[in-house]
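# Summary of structural features
These are the residues of each chain, in order.
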Amino acid sequence: MDMHSIFAAIEASPVGVWVRESPNVLPYVNVLHVIAIAIVFGTIFIVDLRLLDFPNSNRAFTRVAHDGLKWTWAGFGLAAITGLLMFTANATTFLVNTPFWLKMGAIGLAGLNMFIFELLTVKTAAAWDRGAPTPRAAKVAGMLSILLWASVIILGRVIGYTKGVGVGEISIDLNNLNFLN
Amino acid sequence: MNELVQWLASTGLSNWIAGAGWVVPTVQCVHILAIGIIFGSVLMLDLRVLGWAGSDQTMTQATGRYSPWIWGALIVLAMSGGLLIFGEPGRELLSTSFWVKMAMLAIGSGFVVALQLSLKRHHETWDVDIGSQATTKILAFVTFFVWIAVIALGRLIAWDAQIWGALFPRSVS
């Protein structure tokens, strides 16, 4: 099975049909996706700024992270579920959409950045948790996190303007094939 | 309102935005990042009032940390939103979602102003007095959903007739 038939099967699944064809489901799923994005970006931004010692290092990093990151995860979970629903509804359209794959790549890189930070840098947190400048590795992680999540949002918006563009040409090709048969 | 929309659509700025296809998507990205920053900050203040986060800080400290971001991002939000209105005046000003969103935005911002004024007046005793009252905690809860509504209605502008038509079938003939 090639990629296109896999994606076509996803699109033809009961969930895909339900999201795509039920009245107003797609708009409401989209609304939940944007709410989730605001939660993810808004909360992780606060943690990232703390990693950059901005505005200061008065509050313990572990406290800021504890307060914020559970919301980031909850928001990410909601974004993933709603995103998957939107993907399922129009899988073949996303398959040929470059911004979609760039967005998935950016989410992967943001995850990798977080993974490295949690695996290595956080272990040293006791030394810089409060009232001391954060190490360079923490600042780099914070900066990368802001840039990558902003890229995810920007690419997500670009998907809305590029999705389905060029699909018309593909359908013309299919017509020609049918005609030849 | 139709006249205002027509006048806005006839301005040079509006034609420039409509003509340059990249402006609206770019401004929308800025708009989304700004609402994310506001929402994260409002969430942290609400959680602090509810006692679910930030208990290591006084309410005055927490508000001092987050309110500059709320107001700073709100200016960015208003400016980017203004550009979007100029670019697509009919889409925004003639939609139900837009006006309900503006009402929610006013209420949400009003809550932030009220919190700051209340803190200024009672900053010594706020945490043990006003901050511990059930009404304050309920207001914190309400504020969270008011800002959720701002985000939701902003996104719903794109499907305005479809959504409001389905909710109130008789209003659309």
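Now for a description of the structure that goes with this document. (Residues numbered from 1 in each chain as written. Chains lettered and ligands numbered in written order. Predicted model: local features only at pLDDT ≥ 70, side-chain atom pairs only at ≥ 80, totals over all residues. Heavy atoms only, no water.)

### Concerning the interface of chain B and chain A
- Each partner contributes to the interface: chain B provides 33 residues, whereas chain A provides 29 residues.
- Where chain B abuts chain A, roughly 2,900 Å² becomes buried across the two surfaces, and 74% of that area is made up of carbon and sulfur atoms.
- The largest per-residue losses of area from chain B upon contact with chain A belong to Leu33(B), Arg65(B) and Arg155(B), which jointly make up 18% of the total buried on that side.
- Counting the contacts that link chain B with chain A gives two salt bridges.
- Among the ionic pairs, Arg63(A) bridges to Asp56(B), the shortest N-O distance being 3.7 Å.
- Summed over the shared surface of chain B and chain A, the number is eight residue pairs in polar contact (both at pLDDT 80 or more).
- Those elements that provide at least two residues to the side of chain B that touches chain A are α3 (23–50), α4 (59–87), α7 (134–156) and α8 (160–167) of chain B.
- By residue number, the principal contributor to the side of chain B that touches chain A is α3(B), which donates 14 residues. (Contact = heavy atoms within 4.5 Å. Buried area = accessible area lost by both parts, 1.4 Å probe. Salt bridge = Lys/Arg side-chain N within 4 Å of Asp/Glu carboxyl O. Polar contact = N/O pair within 3.5 Å; in protein donor to acceptor, adjacent residues only side chain to side chain. Helix = DSSP H or I, 4+ residues; strand = E, 2+ residues; numbered from the N terminus.)

### Looking at the pattern of salt bridges
- Across all of its chains, the model carries nine salt bridges over all chains by this definition.
- A salt bridge links Asp53(A) to Lys139(A), with the shortest nitrogen-to-oxygen separation between them at 3.4 Å. With Asp53(A) in the loop between α3 (25–51) and α4 (61–89) and Lys139(A) in helix α7 (residues 136–162), the pair connects residues that are 86 residues apart, well separated along the chain.
- Residue Arg48(B) is joined to Asp127(B) by a salt bridge in which the shortest nitrogen-to-oxygen separation is 2.7 Å.

### Structural notes on α3(A)
Residue and element names in this part refer to chain A.
- Given a rise of 1.5 Å per residue, 27 residues ought to cover 39 Å, and the 39 Å separating the end C-alpha atoms of α3 matches this to within 8%.
- With 24 of 27 residues buried, α3 lies mostly within the body of the structure.
- At the exit of α3 stands Asp 53, carrying a positive phi of roughly 60°. (Expected span 1.5 Å × (residues − 1). Buried < 20%, exposed > 50% of the residue type's maximum accessible area, 1.4 Å probe, protein only.)

### Some details on the packing of aromatic side chains
- Taken as a whole, this structure holds 19 aromatic pairs over all chains when the rule is applied.
- Note on Phe94(A) and Phe100(A): the rings are 5.0 Å apart at their centroids and 50° apart in plane angle, and the pair reads as tilted. Side by side, Phe94(A) and Phe100(A) carry an identical accessibility label, which is buried.
- When the centroid spacing of 6.1 Å and the interplanar angle of 85° are considered together, the rings of Trp16(B) and Trp22(B) count as edge-to-face.
- Members of the aromatic cluster, joined through ring pairs, are Phe7(A), Phe87(A), Phe94(A), Phe100(A) and Trp101(A). (Phe/Tyr/Trp six-rings, centres within 6.5 Å; stacked < 30°, edge-to-face > 60°.)

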